[in-house]
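Structural features, examined
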2 protein chains.
Amino acid sequence: MKPWLTCLDLEGVLVPEVWIAVAERTGIDELRLTTRDVADYAALMRHRLQVLDAHGLGLADIQAVIAGVEPLPGAKAFLDDLRARRQVVLLSDTFEQFAGPLMAQLGRPTILCHSLVVENGHIRDWRMRLPEQKRASVLAFQGLGYAVSAGGDSYNDTAMLLAAEVGVLFRPPASVVEAFPQLPVVTTYDEFARALDDGQARWDAASRA
Amino acid sequence: MKPWLTCLDLEGVLVPEVWIAVAERTGIDELRLTTRDVADYAALMRHRLQVLDAHGLGLADIQAVIAGVEPLPGAKAFLDDLRARRQVVLLSDTFEQFAGPLMAQLGRPTILCHSLVVENGHIRDWRMRLPEQKRASVLAFQGLGYAVSAGGDSYNDTAMLLAAEVGVLFRPPASVVEAFPQLPVVTTYDEFARALDDGQARWDAASRA
């Protein structure tokens, strides 16, 4: 029997969408654009960094804004419970420097994500650590002898959810539910924990059989 | 520039040796035997489980003992500081079930280790998740786009320390120092943090050059 390790997405699953929160708290509507509005991620990021520049906002300003963003109601208790029972690693396409203030509030879980290039407090560029890092991380943990259960909410989570032994969608948009009918959908943290646990128990039972 | 992730051994680095602590707190001297006394690890583990059985000790008893074992003085502050600055993953050859009570005291860092086979509270067997799991984990994180700095104290850490971009020995026995003269040696947590940070800075500088 392999030990279980759970991989979770961050934004939309444990905390609000970071750029939306920054847009709300700074009042800068242009920061509300997402990949739904601008399909080219690099173009979207360049736009965001230009907007921050135009408003004279550096990394410290954004981190201060993010420090005021709270985890979703119930997220900390859900995560604490999971971490007391098995290893949990967050897999996110956000940046280390944005995740930091949120991780402090969540009790410093391990998070694998990307990073910003910062010079004298100015966000100059960003570095994607790896293409498809969520899926690659699941495969890496499987290669280290773990069975992986995973939870996420959006398109960029589906490769991770499908690569995992157990994958669960948490509060996904309807388009993702339609595109991936094989993935179970939950909307509360109680259901989420139970779906992960039950999925693991079924997998273990099938492995024993 | 790659982001840094730090891998740390647990026993002897952040907490006392678990079996020694169990031997001391239970007064069962036979549990003091280590791989220095019995070279065959499987034989040693079978002996330990037999001794626990003979004393009527189940998993809950051992976990209660381990819950009373405190991290080494200064270990929590050292680990908290590291975790606030970069991702940290503990790599240990102990068992999930033994690590649990210690992880609670250390603020639940992620730990990759082995597991016990427990039936009705009785420790029946153990499962090594992977041979050479410490080295394999370092290679896996490097494969995920990280540069790895690592710290450990004994022979079973040296493959991890040598595979990492930066490896540091913390309070090692003289035999390990002699066998691995290429690895820097530190004895306080301040020196430990500095050796990891300085090693990373030197590596980054060399990468830029």
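Here we take up the overall build of chain A. Scanning chain A from N- to C-terminus turns up nine helices and seven strands. Over its C-alpha atoms chain A spans a radius of gyration of 18 Å, differing by no more than 12% from the 17 Å that the globule rule assigns to 209 residues. The principal-axis extents of the C-alpha atoms in chain A amount to approximately 60 × 35 × 30 Å. Relative to all contacts within chain A whose residues are 6 or more apart in sequence, the contacts with residues 24 or more apart total 58%.

Residue and element names in this part refer to chain A. Between helix 1 (residues 18-26) and helix 3 (residues 59-67), the least distance of the axes is 10 Å, while the angle of their chain directions is 95 degrees. Considered as vectors, helix 1 and helix 3 are oriented roughly perpendicular to each other. From helix 1, Val-18, Ala-21, Val-22, Arg-25 and Thr-26 reach across to helix 3, where they touch Ile-62, Val-65 and Ile-66. Along the lines of polarity and charge, the residues of the contact of helix 1 with helix 3 split into six nonpolar, one polar and one charged.

On to the relation of the copies chain B and chain A, then. Screw-axis analysis of chain B against chain A gives a translation of 0.0 Å along the axis, an RMSD of 0.0 Å, and a rotation angle of 180 degrees. Considering both components of the superposition, the chain copies are consistent with a two-fold axis. Taken as a fraction of all interface residues of chain B, those also at the interface in chain A reach 100%, which identifies the copy contact as same-surface.

A few words on the interface of chain B and chain A. Listed per partner, the contact involves 25 residues of chain B and 25 residues of chain A. Summing the contributions of chain B and of chain A, the shared interface buries around 2,100 Å²; its carbon and sulfur component is 54%. Along the contact surface separating chain B from chain A lie zero salt bridges. For the pair chain B and chain A, the interface holds nine residue pairs in polar contact (both at pLDDT 80 or more).

The subject of this paragraph is unusual backbone geometry. Residues and elements named next belong to chain A. In this structure, Arg-108 takes a positive phi of about 50 degrees despite not being glycine. Residue position: Arg-108 is located in the loop between helix 5 (96-105) and strand 3 (110-119). Accessibility expressed as a relative area gives 24% for Arg-108, which makes it partly exposed.

It is a general feature of regular strands that their side chains alternate between the two faces of the sheet. All names here are of chain B. Among the five residues of strand 1 (residues 4-8), five are classified as buried, and the element is accordingly described as predominantly covered. Neither face of strand 1 is open: one carries Trp-4, Thr-6 and Leu-8, the other Leu-5 and Cys-7, and all of them are buried. Where strand 1 lies against strand 5 (residues 147-152), five bridges are found, and the strand directions are parallel. Counted as the bridge partner of Leu-5 is Val-148 from strand 5. Bridge count for strand 1 against strand 2 (residues 87-95) is four bridges, and the pairing is parallel. The partner of Leu-8 across the bridge, within strand 2, is Leu-90.

Below, the discussion takes up helix 5 of chain A. Every α-helix winds through 3.6 residues per turn, so residues three or four apart in the chain are directed the same way. Burial analysis of helix 5 of chain A places seven of its 10 residues in the buried class, which makes it a mostly covered element. Taken together, the buried positions of helix 5 of chain A are occupied by Glu-96, Gln-97, Phe-98, Ala-99, Pro-101, Leu-102 and Met-103 of chain A. Summarising the contacts, the buried residues of helix 5 of chain A are in contact with helix 1, helix 3, strand 2 (87-95), strand 3 and strand 4 (122-127) of chain A together with strand 2 of chain B. Phi turns positive one or two residues past the end of helix 5 of chain A, at Gly-107 of chain A, with a value near 85 degrees.

Take the sheet that holds strand 5 (residues 147-152) of chain A next. Residues and elements named next belong to chain A. Strand order in this open sheet of seven strands is 4-3-2-1-5-6-7, and the pairing throughout is mixed. Each end of this open sheet is capped by a strand with a single partner; those strands are strand 4 and strand 7 (185-186). The strands touched by helix 6 (residues 133-143) are strand 1 (4-8), strand 2, strand 3 and strand 5; relative to strand 2, the strand with the most contacts, the crossing angle is about 155 degrees.

For the rest of this paragraph, the subject is the side chain of Asp-157 of chain B. Examined against the element boundaries, Asp-157 of chain B turns out to sit in helix 7 (residues 155-163). Within the structure, Asp-157 of chain B has its side chain in polar contact with the backbone nitrogen of Asp-153 of chain B (distance 2.9 Å).

Residues and elements named next belong to chain A. Summarising the element assignment, Glu-70 is placed in the loop between helix 3 and helix 4 (75-85). When its relative accessible area of 57% is taken as the criterion, Glu-70 is described as exposed. C-alpha of Glu-70 to C-alpha of Ala-43: the two residues are 27 residues apart in sequence and 28 Å apart in space. Those residues in contact with Glu-70 that sit more than four places away from it in its chain are Pro-16 and Gln-105.

This brings us to the packing of helix 3 (residues 59-67) of chain B against helix 5 (residues 96-105) of chain B. Residue and element names in this part refer to chain B. For the pair helix 3 and helix 5, the least separation of the axes is 9 Å and the interaxial angle reads 30 degrees. When the axes of helix 3 and helix 5 are compared, the pair comes out roughly parallel. The handedness of the crossing between helix 3 and helix 5 comes out as right-handed. Touching Leu-59, Ile-62, Gln-63, Ile-66 and Ala-67 of helix 3 are Gln-97, Phe-98, Pro-101, Leu-102 and Gln-105, all from helix 5.

Parameters and conventions
- Residues numbered from 1 in each chain as written.
- Chains lettered and ligands numbered in written order.
- Predicted model: local features only at pLDDT ≥ 70, side-chain atom pairs only at ≥ 80, totals over all residues.
- Heavy atoms only, no water.
- Helix = DSSP H or I, 4+ residues; strand = E, 2+ residues; numbered from the N terminus.
- Rg over C-alpha atoms; globule rule 2.2 N^0.38 Å.
- Contact = heavy atoms within 4.5 Å.
- Axes fitted to C-alpha atoms, helices over the stretch in contact; angles between N-to-C directions.
- Parallel < 35°, antiparallel > 145°, perpendicular 65-115°, else oblique.
- Nonpolar A, V, L, I, M, F, W, Y, C, P; charged D, E, K, R; others polar.
- Least-squares fit on C-alpha atoms with pLDDT ≥ 70 in both.
- Buried area = accessible area lost by both parts, 1.4 Å probe.
- Salt bridge = Lys/Arg side-chain N within 4 Å of Asp/Glu carboxyl O.
- Polar contact = N/O pair within 3.5 Å; in protein donor to acceptor, adjacent residues only side chain to side chain.
- Buried < 20%, exposed > 50% of the residue type's maximum accessible area, 1.4 Å probe, protein only.
- Pairing = 2+ DSSP bridges.
- Left-handed = near helix turned anticlockwise from the far one by under 90°.

Spatial relationships are all this shows, so hold off on functional conclusions.
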